[in-house]
Amino acid sequence: MLTTIAQVGQHVGQEVRIGCWLYNKRSSGKIQFLQLRDGSGFIQGVVVKAEVAENVWENASQLTQESSLYITGVVRADDRAPSGYELTVTGVEIIQIAQEYPISLKEHGVDFLMDHRHLWLRTPRQRAVMAIRSEVIRAVYEYFHENGFVKVDPPILTPTSAEGTTNLFHTKYFDEDAYLSQSGQLYMEAAAMALGRVYSFGPTFRAEKSKTRRHLIEFWMIEPEMAFVDHEENLRIQEAFVSHVVQSVLKNCQRELKTLERDTTKLQNVTGSFPRITYDDAIKLLQEKGSEIKWGDDFGAPDETLIADHFDKPVFITHYPTEIKAFYMKPHPERPEVVLCADMIAPEGYGEIIGGSQRIDDPELLEKRFAEHELSEEAYRWYLDLRKYGTVPHSGFGLGLERTVAWICGLDHVRETIPFPRMLYRLYP
Ligand code: 4AD
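Predicted model only: the values in this text are computed from it and were never measured.

S.K.: I keep staring at the overall build of the protein chain and nothing clicks. Help me out?
M.R.: Helix and strand counts for the protein chain stand at 13 helices and 17 strands. Along the longest, intermediate and shortest principal axes, the C-alpha atoms of the protein chain span 85 × 55 × 40 Å. Across the 429 residues that make up the protein chain, the buried fraction comes to 51%. Restricting to contacts in the protein chain with at least 6 residues of sequence separation, those with at least 24 account for 66%. Surface exposure of the protein chain reaches about 20,400 Å², of which carbon and sulfur atoms provide 51%. In the protein chain, the 47 positive side-chain charges and the 62 negative ones have mean positions that sit 6 Å from each other.

S.K.: Where do I start with unusual backbone geometry in this structure?
M.R.: Where the residue is not glycine, phi is negative for most of them; where a peptide bond is considered, it is trans in most cases. Of note, the bond from Tyr428 into Pro429 is cis; its omega dihedral lies within 30 degrees of zero at -5 degrees. Looking at the element boundaries, Pro429 is found in the segment after α13 (401-409). The phi angle at Phe174 is positive, at roughly 55 degrees, despite the residue not being glycine. Looking at where Phe174 falls in the secondary structure, it is placed in the loop between β9 (170-173) and β10 (176-180).

S.K.: Can you walk me through the nonpolar core in this structure?
M.R.: General note: in soluble globular proteins, nonpolar side chains tend to be found buried as a group. If you look at the biggest cluster of nonpolar residues, it comprises 45 residues, and the most contacted ones within it are Ile132, Val136, Phe241, Val242, Trp407 and Ile408. At 10 residues, helix α4 (residues 124-146) tops the list of elements feeding residues into this core. For Trp407, the residues in contact, after removing those within four places along its chain, are Val242, Val246, Arg262, Leu267, Val270, Pro314, Ala346, Pro347, Glu348, Tyr350 and Ile353. With 31 residues, the next largest nonpolar core counts Ile307, Ala326, Val339 and Leu384 among its residues.

S.K.: Hey, could you run me through the site of the ligand in this one?
M.R.: Inspection of the region around the ligand gives 22 residues, with Glu163, Gln185, Glu208, Glu223 and Glu352 positioned closest. Here Glu352 contributes a side-chain N or O atom positioned 2.4 Å from an oxygen atom of the ligand. A distance of 3.3 Å separates an oxygen atom of the ligand from a polar backbone atom of Ile354. In the complex, the protein chains occlude 93% of the 630 Å² of accessible area that the ligand would expose alone.

S.K.: Would you take a moment to explain the environment of Gln254 for this structure?
M.R.: Note that Gln254 resides in helix α7 (residues 254-259). Judged by relative accessible area, Gln254 falls into the partly exposed class, the value being 42%. Residues Gln254 and Thr264, spaced 10 residues apart in sequence, show a C-alpha to C-alpha distance of 9.7 Å.

S.K.: I keep staring at the domain arrangement of the protein chain and nothing clicks. Help me out?
M.R.: Accessible area lost on assembly of the parts is the figure often given for the size of an interface. Entries for the protein chain in the domain assignment read domain 1 (2-96) and domain 2 (117-417). Tallying the contact residues gives eight residues for domain 1 and five residues for domain 2. Interface of domain 1 and domain 2: buried area, both sides summed, is about 560 Å²; carbon and sulfur atoms make up 52% of it. Interface area lost by domain 1 to domain 2 is led by Tyr23, Arg37 and Phe42, which between them contribute 53%. For the pair domain 1 and domain 2, the interface holds one salt bridge. Two residues, Arg122 and Glu66, come together in a salt bridge whose shortest N-O distance is 2.8 Å. For the interface between domain 1 and domain 2, the tally reads four residue pairs in polar contact (both at pLDDT 80 or more).

S.K.: Would you mind going over the packing of aromatic side chains with me for this structure?
M.R.: With the rule as written, the count across this model stands at 23 aromatic pairs. Ring geometry for Tyr187 against Trp382: centres 4.8 Å apart, planes inclined by 15 degrees, an arrangement best described as stacked. Residue Tyr187 is located in helix α5 (residues 185-195), and its partner Trp382 is located in helix α12 (residues 381-388); the two are separated by 195 residues in the primary sequence. When the ring of Trp382 is compared with that of Tyr383, the centres are 5.8 Å apart and the planes differ by 70 degrees; the resulting orientation is edge-to-face.

S.K.: How should the sheet that holds strand β7 (residues 150-151) be read in this particular structure?
M.R.: Sheet strands pair by backbone hydrogen bonding; their relative direction is either parallel or antiparallel. Spatially, β7-β11-β12-β17-β16-β15-β14-β13 is the arrangement adopted by the eight strands of the open sheet, whose pairing is mixed. Each end of this open sheet is capped by a strand with a single partner; those strands are β7 and β13 (276-278). Direction of pairing for β7 relative to strand β11 (residues 197-205): parallel, over a ladder of two bridges. Opposite Val150, over in β11, you have Val198 as the bridge partner. Strand contacts of helix α9 (residues 279-288): β13 and β14 (315-318), with the helix running at about 85 degrees to β13, the strand carrying the most contacts.

S.K.: Even after reading the chapter, I still don't get the pattern of salt bridges, so can you show me in this structure?
M.R.: Side chains that differ in charge, positive against negative, can pair when their charged atoms come close. Applying the stated criterion across every chain, the model contains 28 salt bridges. Between Lys172 and Asp177 there is a salt bridge, with the nearest N and O atoms lying 3.2 Å from each other. Across the salt bridge formed by Arg255 and Glu256, the nearest N and O atoms sit 3.8 Å from each other.

S.K.: Would you mind showing me how to read the packing of α9 against helix α10 (residues 301-308) here?
M.R.: The packing of two helices is summarised by the inter-axis angle and the distance between the axes. In the contact formed by α9 and α10, the axes pass within 10 Å of each other and the chain directions differ by 95 degrees. Comparing their axes, α10 and α9 come out roughly perpendicular. When α9 is examined against α10, the residues Ala282, Leu285 and Leu286 are found in contact with a partner set consisting of Asp303, Leu306 and Ile307. A per-class count over the contact of α9 with α10 returns five nonpolar, no polar and one charged.

S.K.: Before we go on, may I ask you to explain α12 in this structure?
M.R.: Residues that lie three or four places apart on an α-helix share one face, since the helix turns once every 3.6 residues. Every buried residue of α12 is listed here: Tyr383, Leu384, Leu386 and Arg387. Buried residues along α12 cover an arc of 140 degrees about the axis, so they all sit on one side. Among the structural elements, α5, α11 (363-372) and β17 (394-400) are those in contact with the buried residues of α12. Among the residues trailing α12, Gly390 stands out with phi positive, at a value near 75 degrees.

S.K.: Any chance you could explain α10 here in plain terms?
M.R.: When α10 is considered as a whole, its buried residues turn out to be Asp303, Glu304, Ile307 and Ala308. Each buried residue of α10 lies within a common arc of 130 degrees when the element is viewed along its axis, so the set occupies one face. Of the surrounding secondary structure, the elements contacted by the buried residues of α10 are β13, α9, β14, β15 (341-346) and β16 (351-358).

Here is what the cut-offs are and how they apply
Residues numbered from 1 in each chain as written. Predicted model: local features only at pLDDT ≥ 70, side-chain atom pairs only at ≥ 80, totals over all residues. Heavy atoms only, no water. Helix = DSSP H or I, 4+ residues; strand = E, 2+ residues; numbered from the N terminus. Buried < 20%, exposed > 50% of the residue type's maximum accessible area, 1.4 Å probe, protein only. Contact = heavy atoms within 4.5 Å. Areas by Shrake-Rupley, 256 points an atom, 1.4 Å probe, with all protein chains shown as cover. Lys, Arg positive; Asp, Glu negative; His and termini not counted. Charge placed at Lys NZ, Arg CZ, Asp CG, Glu CD. Core = buried A, V, L, I, M, F, W, Y, C linked by side-chain atoms within 4.5 Å. Near = heavy atom within 4 Å. Polar contact = N/O pair within 3.5 Å; in protein donor to acceptor, adjacent residues only side chain to side chain. Domains from an automatic or database assignment. Buried area = accessible area lost by both parts, 1.4 Å probe. Salt bridge = Lys/Arg side-chain N within 4 Å of Asp/Glu carboxyl O. Phe/Tyr/Trp six-rings, centres within 6.5 Å; stacked < 30°, edge-to-face > 60°. Pairing = 2+ DSSP bridges. Axes fitted to C-alpha atoms, helices over the stretch in contact; angles between N-to-C directions. Parallel < 35°, antiparallel > 145°, perpendicular 65-115°, else oblique. Nonpolar A, V, L, I, M, F, W, Y, C, P; charged D, E, K, R; others polar. Arc of directions from axis to C-beta.

What follows is the structure, given as structure tokens:
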């Protein structure tokens, strides 16, 4: 019967058979140590020449890096082994002897690794990142499922923009123009008016000409939208949601976090309520630190890091100037020059992970915004309808999956957080 490396603990003392690849090999002449991986984990197989049939020893000797095989062996618990177990090998069935593998166990440059992303994914570090990404997604679904949200899938092909027109991906839709979705938000607002509390999770496209550690052209966003929820409650939901995700990874991915050598001290703080700072105070803070930033400017990544460094948890920057934010954000009732919005900035320099706001619910103000932002009212007629037929206060937010995974894993670039990153001038593989 076939088993997996992750399950060997259930078979201590028994003989098991595992489909796997050779990751690395050492030999002392009389003993071969096979480092094996099967996707579910890594384990060492020990082949002792004096104890196995001749063809087993020969097959093991032939194995090159990334050769595929079925290994048979007896499971032994071993505290010194990283996985806690070792295999005393009794059989080696070769599936294929791999050709010379381009990724050696030495260091490689990033461009080389990116060109070989399809193979790079096989390394322990990349496996750990993908497993944590998967756990984040599982925890996202769990949080919303347990809190009464309905999953709704907004369209990918859209006739208009949701987040400004500068980074739209254009395509033809028969005779019409269309754009790949920049955000599902506007559709999620319609869904919230039908279903109350909803969320989406899907790919998002932004033709951003920025080559930074935080920008992807195609990324995945989680976008909840909630009827009858105001700015304050929106922030409380974000705190509970992000805490749930981080704590789930800490609980279920200890092995992966260890592989990544992630210091998890600060991640453990991610519970309860998060600190808040207004945009006004954040500007003052930066000015005190010698920055030339002025009221009305947007923050760059270094500004965000300076602000985040003041706190040991994610921090909300609230009430940005109306001028620099999206058309749909609701103005502060006493200070219309700022909006009821917040960005959540991750600690340790990982930057903005969430953008969210309370939405304009007044049809007249929304029409005014269409004019100010030169958006065709005809194209957004359906969106205006949401304010004509039973408008209610409502709020929502968008969490960027890759930036969140980069933060939790402690990676300095988002390119490792997605299986096949689409970045400026990189479409291969
Ligand atoms: O702040 P953004 O642009 O917000 C929206 O799109 C809203 N419509 C969301 C909503 O309220 N429903 O983007 C939200 C998050 C950012 O905080 C960031 O984590 C991520 O999406 N993000 C990116 N991640 C990777 N690469 C990019 N180019 C990203 N742009 C945004």
